[in-house]
Amino acid sequence: MNAFTAVRAAEGLELTILMPCLNEAETLAICIGKAKSFLDRAGIAGEVLIADNGSSDGSQQIASENGARVVPVTNRGYGAALLGGIAAARGRYIIMGDADDSYDFGALEAFVSRLRGGADLVMGNRFKGGIEPGAMPPLHRHLGNPMLSFIGRLFFRIKTGDFHCGLRGFNADRIRKLDLQTSGMEFASEMVVRSALAGLRIEEVPTTLKPDGRSRPPHLRTWRDGWRHLKFLLVHNPRWMFFIPGTALLGFGALLVTLLMLGPLQVVDNLSLDINTFVAACFMVVVGVQLITFGAISRYYAEITGILPPNRRSDWLTRTLSTDRLAGNAGICFAGGALFFGYAVWRWASLGFGPLEDPEIPRVVVLGLSLIVISLQAFFSAFLLGVLEIPVKRLQAASAGPADGVRVRQDA
């Protein structure tokens, strides 16, 4: 057993109530008092742990004087503080919450009950439990949080209604095994997403939110932290980031190219689609193919490095996608584009390189150039894939190296 495991086993603690802290002197004692009262009232063997992120207002002393254990975390950021606290926690379960007195640490019975019942992660839902007036800015309450939570549910098929509730409980060992990495506010999304991808059991309980008791502004920055949450969700879902928009562009563009290849299309009496629409459609096809290529490479890389778990589609992709195959398909596409472009040049030469009256030729030129551009993108993407494979292959070779070395010495 490692040191932390030995300490936890020796003390037999069931629950750690963890609070990240950065200059929370105004409300810290209140939160600790509520947490300790809950532990005493519920008869739970536990501790109150303060993960201090460099407070300069005496929060460390306040925490110690009120019976909490303090662990200093030098890396700055909300996620960094929580990671430090999770690593140092001695309880089998951890319930985390902000130290600004906006959450009620005296009402944690539902969290403990769900954890004891086998849940790996128990999320609070402020929208079901109640949000007091002034507790959440209108922009967060009516747009930011609902929108990001909806995206998270859509992307990862998670039923959680409040992705960013700061009050949540979890099985300590299960969450440690996820090897969470983010140091900022997006840590809240990472915990939920990585838990879902790992197949952990996620449940939800109503909780309340009231205005925090501090006189200073919160650490949360609306647009910066909102973007970081959205970026995390997109990065961890190549299907919605690349495949779906790429497929939509490719499909719609290819349809227009097919309809307009032989000439203009009359839609209504005063609206017709012609060469300009054809050019735009070719651009859609180019961008769509590039997005799909990026999606395939990113999903392939995410699986071989363990960032995302495998599934049926990704297994097929891993078996199919390779630098050689992608480069070969690029060569076929280049040949097709060159044939179209060569045909256009031949038709022009047959007219003595004079004026081209045939409306078909500009379409052939644009289509040929589009195929050539797609082939070049695919060709260089193939080598990008090869570059991304290098560290994985080196790691595999290093892990197999000692055995190979023994065999070589024996042969010698």
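Criteria and cut-off values
- Residues numbered from 1 in each chain as written.
- Predicted model: local features only at pLDDT ≥ 70, side-chain atom pairs only at ≥ 80, totals over all residues.
- Heavy atoms only, no water.
- Buried < 20%, exposed > 50% of the residue type's maximum accessible area, 1.4 Å probe, protein only.
- Helix = DSSP H or I, 4+ residues; strand = E, 2+ residues; numbered from the N terminus.
- Pairing = 2+ DSSP bridges.
- Core = buried A, V, L, I, M, F, W, Y, C linked by side-chain atoms within 4.5 Å.
- Contact = heavy atoms within 4.5 Å.
- pLDDT = per-residue confidence, 0-100.
- Phe/Tyr/Trp six-rings, centres within 6.5 Å; stacked < 30°, edge-to-face > 60°.

**Student:** Sorry, what's going on with the pairing of strand 4 (residues 93–96) here?
**Tutor:** Remember that side chains alternate between the two faces of the sheet whenever the strand is regular. Both faces of strand 4 are covered, namely the face carrying Tyr93 and Ile95 and the face carrying Ile94 and Met96. Relative to strand 4, strand 1 (residues 15–21) runs parallel, the two being bridged by four bridges. Residue pairing for strand 4: Thr16 is matched across the bridge by Ile94. Of the pairings in the sheet, the one linking strand 4 to strand 6 (residues 168–171) comprises four bridges and is antiparallel in character. When the bridges of strand 6 are listed, Met96 appears paired with Arg168.

**Student:** Which parts of the structure should I look at to understand the nonpolar core?
**Tutor:** As a rule of thumb, nonpolar side chains are buried together in soluble globular proteins. By size, the foremost hydrophobic cluster in this structure holds 34 residues, and its most contacted members are Leu18, Phe170, Met191 and Leu233. Secondary structure elements with two or more residues in this core: strand 2 (46–52), helix 4 (78–88), strand 4, strand 5 (121–125), helix 7 (138–156), helix 8 (172–176), helix 9 (187–197) and helix 10 (222–235). Once residues within four sequence positions are removed from consideration, Phe170 is found in contact with Ile86, Arg92, Tyr93, Ile94, Met96, Leu115, Asp120, Leu121, Ile175 and Met191. Listed in part, the 33 residues of the second largest apolar core include Cys21, Leu28, Ile44 and Val48.

**Student:** Sorry if this is basic, but what is going on with the confidence of the model for the protein chain here?
**Tutor:** The predicted structure's coordinates, where accompanied by low pLDDT, should not be read in detail. Across the protein chain, pLDDT averages 88, with 94% of residues at or above 70. Per-element mean pLDDT across the protein chain ranges from 45 in helix 1 (residues 3–11) up to 98 in strand 4. Below a pLDDT of 50 lies the segment residues 1–10, which in the model reaches ten contacts outside its immediate sequence neighbourhood of four places, other chains included. Low pLDDT, under 50, characterises residues 405–412; the stretch is placed with zero contacts to residues that sit more than four places away or in other chains.

**Student:** I would appreciate a short explanation of the packing of aromatic side chains in the present structure.
**Tutor:** Two numbers describe a pair of aromatic rings. These are the distance of the centres and the angle of the planes. Applying the stated criterion across every chain yields a total of six aromatic pairs. Summarising the aromatic geometry, the rings of Tyr343 and Trp346 are spaced 6.2 Å apart at their centres and angled 35° between planes, so their arrangement reads as tilted. You can see Tyr343 and its partner Trp346 sitting in helix 14 (residues 323–350), three residues apart, about one turn around the helix. When the ring of Phe379 is compared with that of Phe380, the centres are 5.4 Å apart and the planes differ by 80°; the resulting orientation is edge-to-face. Residue Phe380 is classed as exposed on the basis of its relative accessible area, which comes to 56%. Taken together, the ring pairs connect Phe155, Phe156 and Trp240 into an aromatic cluster.

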